[in-house]
Amino acid sequence: MSDANGTHGANGSSNGANGSSTGANGADGANGTNPEKDLSASNLPGQRGQGGEEVRVQRGMFGADNGGDTSGYGGLVRSIRLPGSASRPYGGWFDEVADELEGALEEQGLLPANAIEKTVVDRDELTFHIEREHLLRVARTLRDDPALRFELCTGVSAVHYPNDKGRELHAVYHLRSITHNRLIRLEVSAPDADPHIPSLVSVYPTNDWHERETYDFFGIVFDGHPALTRIMMPDDWQGHPQRKDYPLGGIPVEYKGAQIPAPDQRRSYS
């Protein structure tokens, strides 16, 4: 990872402003990584073991199921897992943010368990999985509460998990607190059959074009967006190109007299 909480980001372990060797706050600073977090096999990068949520079982190097894997690892079998819910204490300022958010929601008459599906701490990053019907209230609370003050949403992107039944589409938001120098993530899921998520443009106006791009490439419909139209593909384009079920497509290429077929006509790796 290379974002603000990644290896080389602002809160990173080595080169960042808050890093362990050169940063003012060091690795165990209030705004750095989480020295209080108990390290276990389930918390270490790449060491989830049997923890988390299995979304599919991949066979071979690329997941091909039609004999198209020529990597030499056709017999490889492994589980593809998403990180599961974390348990308290999360460590460092993560607990402070979680406590403040839950308390602020309770003050508004909303049970935190009804709004926050789960809280994930993975690779020193904090993610709140939010029920989509409560996304607007949670985002507004994170922005406006003085103890939270996540004033900036750096955008929304998406991931398509075709085998994550009932929540195949995941929208991911990165929120930054300039006041407190913190970065968190919100994740909201929706099924392929009902790909609707509330727009956050009314809370974070800069999400305007990001939501249009996510709609264009993944087909997530952001309800309440002021002008939800395609931003990259032509208006009459069929489908959403970054979904896993989108045809590879392509055009044939001529090279030194040889005709190379389009990618969707070559041996399949998916």
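Before any of the text, the structure's been laid out above.
These remarks concern the structure in this document. The residue numbering used here restarts from 1 in each chain and proceeds along that chain's sequence as written. Owing to the predicted nature of the model, reporting of local features is limited to residues with pLDDT of at least 70; listing and counting of side-chain atom pairs is limited to 80 or more, with chain, interface and lining totals taken over all residues. Side-chain numbers here rest on the full set of heavy atoms in the structure, without hydrogens or water.

### Quick notes on the overall build of the protein
Here is step 1 of the chain: Helix numbering and strand numbering both begin at the N terminus, where a helix is a DSSP run of H or I of at least 4 residues and a strand a DSSP run of E of at least 2. On a plain count of helices and strands, the protein comes out with four helices and 11 strands.
Here is step 2 of the chain: Partly exposed residues are those whose accessible area sits between 20% and 50% of the maximum for their type, while under 20% is buried and over 50% is exposed, using a 1.4 Å probe and protein chains only. Expressed as a percentage of the 270 residues in the protein, the buried residues total 41%.
Here is step 3 of the chain: Whether two residues are in contact is decided by their heavy atoms: any pair within 4.5 Å suffices. Look at the contacts in the protein between residues 6 or more apart in sequence, and 51% of them connect residues 24 or more apart.
Here is step 4 of the chain: Using a 1.4 Å probe, accessible areas were evaluated by the Shrake-Rupley method; residue-level cover was limited to the displayed protein chains. Summed over all atoms, the accessible surface of the protein reaches about 14,300 Å², with 51% contributed by carbon and sulfur.

### Considerations on the pattern of salt bridges
Here is step 1 of the chain: Salt bridge, as used here: a side-chain nitrogen of Lys or Arg that lies within 4 Å of a carboxyl oxygen of Asp or Glu. One pass over the full model with this rule turns up 16 salt bridges.
Here is step 2 of the chain: Between E96 and R182 there is a salt bridge, and its shortest N-O distance comes to 3.2 Å. Highlighted residues: E96 in helix α1 (residues 94–107) and R182 in strand β7 (residues 182–190), separated in sequence by 86 residues.
Here is step 3 of the chain: Given a relative accessible area of 38%, E96 falls into the partly exposed group.
Here is step 4 of the chain: One connected set of salt bridges, linked through shared partners, spans E53, E117, K118, D164 and R167.

### A few points about a nonpolar patch on the surface
Here is step 1 of the chain: Together, M61, F62, Y73 and L76 make up a nonpolar patch on the protein surface, roughly 370 Å² of accessible area in all.
Here is step 2 of the chain: Classification of F62 by relative accessible area gives partly exposed; the value is 46%. Two distance rules govern patches: like charges are joined within 9 Å, and nonpolar side chains (Val, Leu, Ile, Met, Phe, Trp, Tyr) within 5 Å, applied only to residues with over 30% relative accessible area and no salt bridge.

### Some remarks on helix α3 (residues 135–144)
Here is step 1 of the chain: Those residues of α3 not exposed but buried are L135, V138, A139, T141 and L142. End-on, the buried residues of α3 take up no more than an arc of 160°, which puts them together on one face.
Here is step 2 of the chain: Where the residues of α3 are buried, they touch α1, α2 (112–115), β4 (125–130), β6 (169–177), β7 and β8 (196–198). Here the arc refers to the set of directions running from the helix axis out to each C-beta atom.

### Quick look at the layout of surface pockets
Here is step 1 of the chain: Of the voids in this model, the second largest pocket is the one considered here, and its volume is about 490 Å³.
Here is step 2 of the chain: Contributions of two or more residues to the lining of the second largest pocket are made by β2 (77–82), β3 (116–122), β4, β5 (152–160), β6 and β7.
Here is step 3 of the chain: Note that Gly is not counted as nonpolar here; it falls among the polar residues with everything else outside the nonpolar set of Ala, Val, Leu, Ile, Met, Phe, Trp, Tyr, Cys and Pro and the charged set of Asp, Glu, Lys and Arg. Per-class residue counts for the lining of the second largest pocket are seven nonpolar, five polar and eight charged. Buried and open spaces are told apart on a 1 Å grid over the protein atoms alone, a cavity being a set of points where a 1.4 Å probe fits but cannot get out and a pocket being an open set with protein on both sides within 12 Å along at least five of seven lines. Residues with an atom within 4 Å of a point are the lining residues. Grid points are joined across faces, edges and corners, and a volume is the space filled by probe spheres set on the points.

### So, the nonpolar core
Here is step 1 of the chain: Each nonpolar core is a collection of buried residues, namely Ala, Val, Leu, Ile, Met, Phe, Trp, Tyr and Cys, held together in the definition by side-chain atoms within 4.5 Å. Residues F128, L142, Y173 and I197 are the most contacted members of the largest nonpolar core, which totals 40 residues.
Here is step 2 of the chain: Here the element with the most residues in this core is α1; it accounts for five residues.

### Describing the environment of S202
Here is step 1 of the chain: Following the sequence through the fold, S202 ends up in the loop between β8 and α4 (207–218).
Here is step 2 of the chain: Taking the C-alpha atoms as reference points, S202 and H225, 23 residues apart in sequence, are found 8.3 Å from one another.

### Considerations on the sheet that holds β5
The strands making up a sheet associate through hydrogen bonds between their backbones, and the pairing can be parallel or antiparallel.
Here is step 1 of the chain: The strand order across the open sheet formed by five strands is β3-β4-β7-β6-β5, and the pairing between neighbours is mixed. The open sheet is flanked by β3 and β5, the only strands paired with a single partner. For this sheet, the mean inter-axis angle between neighbouring strands, taken without regard to orientation, is 20°.
Here is step 2 of the chain: Pairs of strands are assigned from DSSP output, requiring at least two bridges between the strands. Note that β6 and β7 share nine bridges and pair antiparallel. Each bridged residue has a counterpart across the sheet, and for H170 the counterpart in β7 is S189.
Here is step 3 of the chain: Packing of α1 onto the sheet brings it into contact with β3, β4 and β7, and relative to β4 it is tilted by some 25°.
Here is step 4 of the chain: For every element, the axis is a line fit to its C-alpha atoms; helices are fit only across the contacting stretch, and the angle between N-to-C directions ranges from 0 to 180 degrees. Packing of α4 onto the sheet brings it into contact with β5 and β6, and relative to β5 it is tilted by some 5°.

### Brief notes about unusual backbone geometry
Here is step 1 of the chain: Residue P89 is reached from R88 by a cis peptide bond, and omega for that bond is -5°.
Here is step 2 of the chain: For P89, the position within the fold is in the loop between β2 and α1.
Here is step 3 of the chain: Phi is positive for D124, close to 60°, though the residue is something other than glycine.
Here is step 4 of the chain: Residue position: D124 is located in the loop between β3 and β4.
Here is step 5 of the chain: In this structure, N181 takes a positive phi of about 55° despite not being glycine.
Here is step 6 of the chain: Counting through the fold element by element, N181 comes out in the loop between β6 and β7.

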